[in-house]
Amino acid sequence: MYVEFKDMPEDSRVWVYQAARQFSEQEKELIASRLSLFCNGWNTHGNRMPTSFQILEDQILVLAVDESGLGASGCSIDSSVRTLRELESEIENNITDQGKVTFKSNSGEINVASALGIKTKVTSGEIDSQTLVINPQVQSKKELESVWILAGNSWLNRYFPN
């Protein structure tokens, strides 16, 4: 069942999806409509779960599930990914590919790069240890407070001189 994101418990499990580009207003309306319907029917083994979603900075999509009653099963998680893949196909915006790194430029603009080519972004100076990057380790609503972390405090640290 759909619950307003602000009303989800702090320990709700979250999945953070990074879109390749910002969503337009029409796309955000479509996403909100589809995900509201999806959340209303999202269940695990036939039992509906309190669920929600939020779009951050017009480009980051967060799904949340209150697992205090029932944990999300593999099938229920698969159904959420299927829904997101349908949306990404319709709006032609890569949402579900986990092989990308999202970071903020010095001007605050959100950029997305392939994880395979991220070392080039570091060596060119586009990303340094003080650049904000999405923290892929966020797993709860409470942890969304640290969804942006310094690249020097992330797995990218290995590319910076010590």
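Above this text sits the structure in question.
Residues numbered from 1 in each chain as written. Predicted model: local features only at pLDDT ≥ 70, side-chain atom pairs only at ≥ 80, totals over all residues. Heavy atoms only, no water.

(A) Spotlight on the side chain of Gln 59. With respect to the element layout, Gln 59 can be found in the loop between strand S4 (51–56) and strand S5 (60–65). Judged by relative accessible area, Gln 59 falls into the buried class, the value being 3%. Filtering out sequence-adjacent residues up to four positions away, Gln 59 remains in contact with Tyr 17, Gln 18, Ala 19, Ala 20, Arg 21, Gln 22, Phe 23, Ile 110 and Val 112. (Helix = DSSP H or I, 4+ residues; strand = E, 2+ residues; numbered from the N terminus. Buried < 20%, exposed > 50% of the residue type's maximum accessible area, 1.4 Å probe, protein only. Contact = heavy atoms within 4.5 Å.)

(B) Quick look at empty space enclosed by the protein. Overall, the coordinates contain one cavity of 30 Å³ or more when judged by the stated rule. Within this model, the largest cavity holds a volume of roughly 40 Å³. Together, Tyr 17, Gln 18, Ile 95, Asp 97, Gln 98 and Lys 100 line the largest cavity. By residue class, the composition of the lining of the largest cavity is two nonpolar, two polar and two charged. (1 Å grid on protein atoms, 1.4 Å probe; cavity = no way out; pocket = protein on both sides within 12 Å on 5 of 7 lines; lining within 4 Å. Points joined across faces, edges and corners; volume = space filled by probe spheres on them. Nonpolar A, V, L, I, M, F, W, Y, C, P; charged D, E, K, R; others polar.)

(C) Just the pattern of salt bridges, in detail. Overall, the coordinates contain nine salt bridges when judged by the stated rule. The residue Lys 28 makes a salt bridge to Asp 58 at a minimum N-O spacing of 2.6 Å. Here Asp 58 lies in the loop between S4 and S5 and Lys 28 lies in helix H1 (residues 25–41), a separation of 30 residues in the sequence. On the basis of relative accessible area, Asp 58 is assigned to the partly exposed category, the value being 30%. Between Glu 57 and Lys 104 there is a salt bridge, with the nearest N and O atoms lying 3.1 Å from each other. Taken as a pair, Glu 57 in the loop between S4 and S5 and Lys 104 in strand S6 (residues 100–104) lie far apart in primary sequence, 47 residues in all. We classify Glu 57 as partly exposed; its relative accessible area is 35%. The exposure class assigned to Lys 104 is buried, which follows from its relative accessible area of 18%. Among the ionic contacts, a cluster of salt bridges with common partners joins Glu 25, Lys 28 and Asp 58. (Salt bridge = Lys/Arg side-chain N within 4 Å of Asp/Glu carboxyl O.)

Without other data, these values stay purely geometric and don't point to any function.
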